[in-house]
Amino acid sequence: MNADNENKAFLEKLEQIVRRKRKVLILTHDNPDPDALASAFALKYLLHAKWKVGSLIAFGGIIGRAENATMARLLKIETKNAGEINIRDFSVVALVDTQPGTGNNALPRSIDPEIVIDHHVPIYSRTLKAPFHDIRTDYGSTSSILTEYLKDAGLHHIDRKVATALLYGIKSDTRDLGRETTPQDMAAYLYLYPQVLFKILSRIEHPKVSRCYFKTFELTINRAVIDKEVVISDLGSIRKPDSLAEMADFLVRLEGVKWSLCLGEFRGSIYFSFRTTKRQGYAGFIARKMVQGLGSGGGHNMTAGGKVDLDPKDEGSYKTKADMLVSRFLKEIKRTDFKGEKL
Ligand SMILES: [Mn+2]
C-alpha cells in the first residue's frame, strides 16, 4: 500500500475540494466495468461517511455484462445515465477509472473536473490540471486506490456492500490477481476480504444470462480467424459493447494464442477490445496507435480497447474502418503476414 501519510495528504486535499459542497458528480468511463462502478460507489460512500457530502454516479453508455448489472442491483449502486443529467448543475465533478480527454467518458470538453482518480496510462495533460488528481499507473485497479483511502480515512468501519464492490473491482480488473497485479492490489484485497459478503459476490460472479449471451459466443467462435499466436473475431453488430472485452478474454485462452482481438458495431461506432498474454505487451499504446486520427483508445500492458465513430452517411464505413483497425493492429504486433483461417 501507499504510505499512510501519502493517502492522508490526498484525503486532506479531497476534503478541501468537497467541503461544504452540495453535490458532487462522479463520472466513470462509458459502459462501466466492475472497477469503475466499485470506485464510484466507494468515492460516494467516502464523501458521505467522512464529510456528509452527497454525490451522484453517472456514465455514458450502458451497463452491459450480466455480472455488472447484477453487481449494481445486489449492492444497490444507484447510477444515472449521463444523458439524464446536466453536468453544469454540479459544483464538483470527479472522474474515476478514466481521465479528461480520453474520449471514453461523458465529460464535455468545456468542463474541467476537480477530481481525477485513475490507474490508466497515459496520464493526460488535463488530468494534471485538476486540483485533485491521483493516478497510480502501477496499480492493477482504481478500486485498490479507493480501498486505501477508506482504510486511511479513519472511519469506524467500511460498509460491507462497498467492500464487496471494491474486492470484485480488484478481482475483475486483475483477472483474479493474476494480471498486472502489484503488492498494493494484494494488500487492498486482503484488507477488504474479511468484510466481503461472499454469498452476494458469488451471485454477482455467476449471474443468470440471456440467450443473446450464448449467441455472442457462437458468433465469436464462428467469426474467429487464427494464424499462429493471433486470433481475431469481427462480430459485426453487437448488443453490448462490453461483451467484446469478455470475448477477447475468452479467445486469449486458446492454446498457443498470445493475442486476441474482437471488434463490433454498437450504436454507430466500432468498438474493439484486445488482450495479450505478454506481460510487457504495451496494449494501451497499441490501442492508441490503432485509433490515431480515427477515435479514442487506451488501456494497460495486457488489455486495451477503443472506439471509432462511423460515418452515418457511408454504408461501407464499418468495413473500411474495421479493416484499418485490424491492419494497424497487425502492424503494431509485427504480424502483417497474418493469414487468418477459421478456428
Ligand atoms: Mn480499471
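So, here's what we can say about the structure. (Residues numbered from 1 in each chain as written. Predicted model: local features only at pLDDT ≥ 70, side-chain atom pairs only at ≥ 80, totals over all residues. Heavy atoms only, no water.)

1. Some words on the sheet that holds strand E5 (residues 115-118)
One key point about sheets: their strands pair by backbone hydrogen bonds, in either a parallel or an antiparallel sense.
Logical step 1: Taken together, 6 strands build an open sheet; the order of strands is E3-E2-E1-E4-E5-E6 and the sheet is parallel. Because the sheet does not close on itself, it has two edges, and the strands there are strand E3 (80-81) and strand E6 (132-135).
Logical step 2: Inspection of the sheet shows strand E1 (residues 23-27) paired to strand E4 (residues 92-96) by 4 bridges, in the parallel sense. When the bridges of E4 are listed, Ile26 appears paired with Ala94.
Logical step 3: Contacting E1, E4, E5 and E6, helix H1 (residues 4-18) runs over the sheet at an angle of about 145 degrees to E6.
Logical step 4: Across the sheet, helix H2 (residues 34-51) lies against E1, strand E2 (54-59), E4 and E5, angled at about 165 degrees from E2, the strand it touches most. (Pairing = 2+ DSSP bridges. Helix = DSSP H or I, 4+ residues; strand = E, 2+ residues; numbered from the N terminus. Contact = heavy atoms within 4.5 Å. Axes fitted to C-alpha atoms, helices over the stretch in contact; angles between N-to-C directions.)

2. Some remarks on the pairing of E2
Logical step 1: Within E2, 5 of the 6 residues are buried, which leaves the element mostly enclosed by the surrounding structure.
Logical step 2: Both E1 and E2 contribute to a ladder of 5 bridges, which runs parallel. Paired with Ile26 across the bridge in E2 is Ile57.
Logical step 3: A crossover links E1 with its parallel partner E2, the connecting element being H2, and its sense is right-handed.
Logical step 4: Note that E2 and E3 share 2 bridges and pair parallel. Pairing of Ala58 across the sheet is with Lys80, part of E3.
Logical step 5: With helix H3 (residues 66-74) bridging E2 and its parallel neighbour E3, the resulting β-α-β unit is right-handed. (Buried < 20%, exposed > 50% of the residue type's maximum accessible area, 1.4 Å probe, protein only. Right-handed = clockwise from strand over helix to strand, strands pointing away.)

3. Here's the deal with the coordination of the manganese ion
Logical step 1: Coordination of the manganese ion by the protein comes from Asp35 (OD), Asp97 (OD), His119 (NE2) and Asp173 (OD), over a distance range of 2.1 to 2.4 Å.
Logical step 2: Here the donor residues of the manganese ion share one chain and are spaced in sequence as D-x61-D-x21-H-x53-D. Placement of Asp97 in the loop between E4 and E5 and of Asp173 in helix H6 (residues 160-173) is noted, with a sequence separation of 76 residues between them.
Logical step 3: What makes Asp97 buried here is its relative accessible area of 1%.
Logical step 4: Its relative accessible area of 17% is what places Asp173 among the buried residues. (Donors = N, O, S within 2.8 Å, 3.2 Å for Na, K, Ca; no water.)

4. Some points on the layout of surface pockets
Logical step 1: Here the second largest pocket is characterised by a volume of approximately 240 Å³.
Logical step 2: Lining the second largest pocket we find 18 residues, and of these Cys212, Tyr213, Thr216, Lys240 and Ser243 sit closest to its centre.
Logical step 3: Contributions of two or more residues to the lining of the second largest pocket are made by helix H9 (211-223) and helix H10 (243-251).
Logical step 4: The element contributing the most residues to the lining of the second largest pocket is H9, with 5 residues.
Logical step 5: Partitioned by chemical class, the residues of the lining of the second largest pocket number 7 nonpolar, 5 polar and 6 charged.
Logical step 6: Counting only domains with at least three residues in the lining of the second largest pocket, you end up with domain 1 (4-205) and domain 2 (211-335). (1 Å grid on protein atoms, 1.4 Å probe; cavity = no way out; pocket = protein on both sides within 12 Å on 5 of 7 lines; lining within 4 Å. Points joined across faces, edges and corners; volume = space filled by probe spheres on them. Nonpolar A, V, L, I, M, F, W, Y, C, P; charged D, E, K, R; others polar. Domains from an automatic or database assignment.)

5. Some remarks on the packing of aromatic side chains
Logical step 1: Considering all chains together, one arrives at 14 aromatic pairs under this definition.
Logical step 2: A centroid spacing of 6.4 Å and a plane angle of 40 degrees characterise the contact between Phe10 and Tyr149, whose relative ring orientation is tilted. Pair noted here: Phe10 is in helix H1 and Tyr149 is in helix H5 (residues 142-152), with a separation of 139 residues, a long-range link.
Logical step 3: Between Tyr213 and Phe217, the ring centres sit 5.0 Å apart and the planes meet at 70 degrees, which makes this aromatic pair edge-to-face. Placement of the pair is Tyr213 and Phe217 together in helix H9, with a separation of 4 residues, close to one helical turn. (Phe/Tyr/Trp six-rings, centres within 6.5 Å; stacked < 30°, edge-to-face > 60°.)

6. Points about unusual backbone geometry
Logical step 1: Note that the residue after Val121, namely Pro122, is joined by a cis bond; omega there is -5 degrees.
Logical step 2: Among the secondary structure elements, Pro122 is positioned in the loop between E5 and helix H4 (125-129).
Logical step 3: The residue Lys52 is not glycine, and still its phi comes out positive at about 55 degrees.
Logical step 4: Positioned with a positive phi, Lys334 is a non-glycine residue whose angle comes to about 60 degrees.
Logical step 5: Among the structural elements, Lys334 can be located in the loop between helix H12 (317-332) and strand E13 (341-342).

7. A look at the pattern of salt bridges
Logical step 1: With the rule as written, the count across this model stands at 17 salt bridges.
Logical step 2: For Lys161, the salt bridge is made with Asp159, and the minimal N-O distance between the two is 4.0 Å.
Logical step 3: Judged by its relative accessible area of 27%, Lys161 falls in the partly exposed class.
Logical step 4: Note that Lys228 is salt-bridged to Asp227, the shortest N-O span being 3.8 Å.
Logical step 5: Residue Asp227 is classed as buried on the basis of its relative accessible area, which comes to 13%.
Logical step 6: Residues joined by salt bridges that share partners form a network here, namely Asp227, Lys228, Glu229, Arg335 and Asp337. (Salt bridge = Lys/Arg side-chain N within 4 Å of Asp/Glu carboxyl O.)

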